[in-house]
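Listed below are the residues making up each chain.
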Amino acid sequence: MTIRSKTTLKIVQPEIEQMEAVVQEATKQAAPMVQRLATHRDRIDLALKELESERFELISRRDLLRRQVEAVEQGLAMHIEDIEATMHLYEGGLNALPASN
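The following paragraphs examine the structure supplied in this document. (Residues numbered from 1 in each chain as written. Predicted model: local features only at pLDDT ≥ 70, side-chain atom pairs only at ≥ 80, totals over all residues. Heavy atoms only, no water.)

## Some thoughts on the overall build of the protein
Selection rule: In this description a helix means any DSSP run of H or I spanning at least four residues, a strand means any run of E spanning at least two, and both kinds are numbered starting from the N terminus. The rule is simple: take the accessible area with a 1.4 Å probe, protein chains only, and divide by the maximum for that residue type; under 20% is buried, over 50% is exposed, in between is partly exposed. Method for areas: the Shrake-Rupley scheme with a 1.4 Å probe, in which residue coverage is limited to the protein chains shown.
If you tally the helices and strands in the protein, you get one helix and zero strands. For the protein, with 101 residues in total, the buried portion stands at 2%. For the protein, the accessible area works out to roughly 9800 Å², and carbon and sulfur atoms hold 63% of it.

This is the structure we're talking about:
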């Protein structure tokens, strides 16, 4: 039996020791659960970071594709305008020429 402070009553001593043993046993049983929870938390944190990184990459790709599509649309619009202007020149020239019979 260990010596406690002089103010501890001998009547309560066995109950205190029993409670200490219960608390120590509960701590031993809880330690693996706490470790598993910490491991799961770390895995979840890693998964969240990976998802955030993937999200950022997809947003960047989307923005790049959007800029490329806008550039292609602008280029095609310029070509269409050029073709229409050329068609107007040809149509105006063909209509202005007398028909040869």
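After that view, the rundown keeps rolling.
## A few points about the pattern of salt bridges
Counted only if it meets this: The rule for a salt bridge is simple: a side-chain nitrogen of Lys or Arg has to be within 4 Å of a carboxyl oxygen of Asp or Glu.
Summed over the entire model, instances satisfying the criterion amount to four salt bridges. Where R41 meets D42, a salt bridge forms, and the shortest distance between an N and an O atom there is 3.6 Å. A relative accessible area of 48% places R41 in the partly exposed class. When its relative accessible area of 44% is taken as the criterion, D42 is described as partly exposed. We note a salt bridge from D63 to R62, for which the minimum N-O separation is 3.5 Å. For R62, a relative accessible area of 43% gives the class partly exposed.

This is a description of form; function is not addressed.
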